[in-house]
Amino acid sequence: MAALKAISVWELDVNDDVIHTWSYPEVHTAVRSFVSDHIKAGEASMSMVGRLQDSFIYAKSSDQNPCEGIKQICVTLETEDYNPDKYLAFVDVALQKFAAKDCDGTIMLKVFLSAFMQGNVGKAWQADAFEAYVPPGLQDVVSRFKLMSLVIYMAVILKKRVLVTGTDTEQIVALCGAIPQLCDATPSWRTVYPLTTLEALETLSATPSFIAGCVDPDAALHQEWMDLIINADTNEVEIAAGSEAGFKMDKALKFIKQTLEELSNDEAATDASIQQLLTERTQGLMDGVRQVAAAKPERVKASIFLSQLAAAHDVNVPTTN
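These lines cover the structure that appears in this document, whether it is placed above or below. (Residues numbered from 1 in each chain as written. Predicted model: local features only at pLDDT ≥ 70, side-chain atom pairs only at ≥ 80, totals over all residues. Heavy atoms only, no water.)

1. Quick look at the nonpolar core
Turning to step 1, where the next piece is worked out: Grouped together as the largest cluster of nonpolar side chains are 93 residues, with contacts concentrated most on I179 and L182.
Turning to step 2, where the next piece is worked out: Top element by residues in this core is helix α2 (residues 84-100). It accounts for 9 residues.
Turning to step 3, where the next piece is worked out: Not counting the four nearest positions on each side in its chain, L182 is found in contact with L138, V141, V142, S149, I152, Y153, L278 and T282.
Turning to step 4, where the next piece is worked out: Within the second largest apolar cluster, 13 residues are counted, among which are Y193, L198, L201 and M226. (Core = buried A, V, L, I, M, F, W, Y, C linked by side-chain atoms within 4.5 Å. Buried < 20%, exposed > 50% of the residue type's maximum accessible area, 1.4 Å probe, protein only. Helix = DSSP H or I, 4+ residues; strand = E, 2+ residues; numbered from the N terminus. Contact = heavy atoms within 4.5 Å.)

2. Considerations on the environment of R144
Turning to step 1, where the next piece is worked out: Here R144 lies in helix α4 (residues 138-145).
Turning to step 2, where the next piece is worked out: When the C-alpha atoms of R144 and C214 are compared, they prove to be 19 Å apart, with 70 residues separating the residues in sequence.
Turning to step 3, where the next piece is worked out: Leaving out residues up to four positions away in the same chain, R144 has contacts with Q171, L175, A232 and N235.
Turning to step 4, where the next piece is worked out: Separated by 3.1 Å, the side chains of R144 and Q171 make a polar contact. (Polar contact = N/O pair within 3.5 Å; in protein donor to acceptor, adjacent residues only side chain to side chain.)

3. Some points on a negative patch on the surface
Turning to step 1, where the next piece is worked out: A grouping of D37, E199, E202 and E224 is seen on the molecular surface, where their side chains present a negatively charged patch.
Turning to step 2, where the next piece is worked out: Mapping D37 onto the fold places it in helix α1 (residues 29-41).
Turning to step 3, where the next piece is worked out: For D37, a relative accessible area of 46% gives the class partly exposed. (Patch = residues over 30% accessible without salt bridge, like charges linked within 9 Å, V, L, I, M, F, W, Y side chains within 5 Å. Areas by Shrake-Rupley, 256 points an atom, 1.4 Å probe, with all protein chains shown as cover. Salt bridge = Lys/Arg side-chain N within 4 Å of Asp/Glu carboxyl O. Lys, Arg positive; Asp, Glu negative; His and termini not counted. Charge placed at Lys NZ, Arg CZ, Asp CG, Glu CD.)

4. Overview of a nonpolar patch on the surface
Turning to step 1, where the next piece is worked out: Together, Y24, L113, F116 and M117 make up a nonpolar patch on the protein surface, roughly 370 Å² of accessible area in all.
Turning to step 2, where the next piece is worked out: The element contributing the most residues to the nonpolar patch is helix α3 (residues 105-118), with 3 residues.
Turning to step 3, where the next piece is worked out: Within the secondary structure layout, Y24 lies in strand β2 (residues 18-24).
Turning to step 4, where the next piece is worked out: Since its relative accessible area comes to 35%, Y24 is described here as partly exposed.

5. What about α2?
Turning to step 1, where the next piece is worked out: Between its first and last C-alpha, α2 extends 24 Å over 17 residues, near the 24 Å set by a 1.5 Å rise per residue.
Turning to step 2, where the next piece is worked out: Looking at α2, one finds that the buried residues are P84, K86, Y87, L88, F90, V91, V93, A94, L95, F98 and A99.
Turning to step 3, where the next piece is worked out: Trailing α2 by a residue or two, D102 shows a phi angle of about 55 degrees, which is positive. (Expected span 1.5 Å × (residues − 1).)

6. Quick notes on the sheet that holds strand β11 (residues 228-231)
Turning to step 1, where the next piece is worked out: Read from one edge to the other, the open sheet built from 5 strands follows the order β9-β10-β8-β11-β12, with strand pairing classed as mixed. Strand pairing shows two members of the sheet lacking a second neighbour, β9 (192-193) and β12 (236-239), which therefore form its edges.
Turning to step 2, where the next piece is worked out: Summarising the sheet, strand β8 (residues 161-165) and strand β10 (residues 210-214) pair through 5 bridges and their orientation is parallel. Residue pairing across strands places T165 opposite C214, the latter belonging to β10.
Turning to step 3, where the next piece is worked out: Of the strands in this sheet, β8, β10, β11 and β12 are in contact with helix α5 (residues 149-157), which crosses β11 at around 130 degrees. (Pairing = 2+ DSSP bridges. Axes fitted to C-alpha atoms, helices over the stretch in contact; angles between N-to-C directions.)

7. Remarks on the packing of α4 against helix α6 (residues 169-178)
Two quantities define a packed helix pair, namely the angle between the axes and the distance from one axis to the other.
Turning to step 1, where the next piece is worked out: Packing of α4 against α6 brings their axes to within 9 Å, and their N-to-C directions diverge by 105 degrees. Judged by the inter-axis angle, α4 sits roughly perpendicular to α6. In contact with L138, D140, V141, R144 and F145 of α4, α6 contributes Q171, L175 and A178.
Turning to step 2, where the next piece is worked out: Grouping the constituent residues of the contact of α4 with α6 by class yields 5 nonpolar, 1 polar and 2 charged. (Parallel < 35°, antiparallel > 145°, perpendicular 65-115°, else oblique. Nonpolar A, V, L, I, M, F, W, Y, C, P; charged D, E, K, R; others polar.)

8. Topic: the sheet that holds strand β3 (residues 47-52)
Turning to step 1, where the next piece is worked out: If you walk across this open sheet you meet the 5 strands as β2-β1-β5-β4-β3, and the pairing is antiparallel. A strand with exactly one partner marks an edge of an open sheet, and here the two such strands are β2 and β3. Direction aside, neighbouring strands of the sheet carry axes that sit 20 degrees apart on average.
Turning to step 2, where the next piece is worked out: In this sheet, strand β5 (residues 70-79) lies alongside strand β1 (residues 4-13) in antiparallel orientation, the contact comprising 9 bridges. By the bridge assignment, D13 is partnered in β5 with I70.

9. Here's the deal with the pattern of salt bridges
Turning to step 1, where the next piece is worked out: Under the defined criterion, the tally for this structure stands at 5 salt bridges.
Turning to step 2, where the next piece is worked out: The residue D140 makes a salt bridge to R144 at a minimum N-O spacing of 3.2 Å. Here D140 and its partner R144 are both found in helix α4, 4 residues apart, which amounts to about one turn of the helix.
Turning to step 3, where the next piece is worked out: With a relative accessible area of 30%, D140 lands in the partly exposed category.
Turning to step 4, where the next piece is worked out: Salt-bridge contacts for D287 lead to R290; the nearest nitrogen and oxygen are separated by 2.8 Å. Taken together, the positions of D287 and R290, both in helix α9 (residues 271-294) and 3 residues apart, correspond to about one turn of that helix.
Turning to step 5, where the next piece is worked out: Take D287: its relative accessible area is 31%, and that puts it in the partly exposed class.

Interpretation in functional terms is not warranted from these geometric data alone.
Have a look at this one:
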């Protein structure tokens, strides 16, 4: 499995110091700092999904059967792709084997190489048993944010910079996984950063599009870094200062707005039914862009949203003089 990049072991000692005890191969300093901070802030049994640059980071920790003088042990895995179900299950197997072998680092090397070379860790974990990841939570997004879901939808389809902030890491990660599906049943995770640092967010701000989660309370203060701010604690959605012009609405969004309004009040709606309806409506919008692109300039009827959509997806639309 070429997607696997590195595996590491961390320990939290009785003095609450985090020690990076073992890794294969070596991990970047930024990853060390990122994981260390979350171990200190996390609970005894932590489960985390994050991203730094091109690496997704999966971590699990436990205070069960710790090594002598250690309060907590944590195993992290770096990969090239996003699939929490698959890789958190792998980390769980690695953590159990590490604890069972009296915290012997050589068992981690065997586990990693077995997965890397063969795609399995015996019968305990098999990569082929996991399908492409489809995060849950789309229904939660629509019911939680109501009509403000339309603003989130616009941010995704127009490829804006979106920050999800708050204090609950699980909620942040869940929202970062669900939000891309507002427009695409099989989204690319290339621009999704389920949990990242303030420093990494500043770097991301130079890119045209991302969906990033960050627990640092200072993140939302840097509105120049993003276009939309979603607070997972308060369910507030705020267009960042200076980005208002990018969220102008017109009648091209009528069916999306109507669909989201109906779904937000439909207790029987499921992730699958919401995804199907929104996919159909989104296809209709993209068809509208293609029709405008194919029209003669003198026949083009201006639509603010369709023009924005065309620009976001590199579609050339004729202009009238």
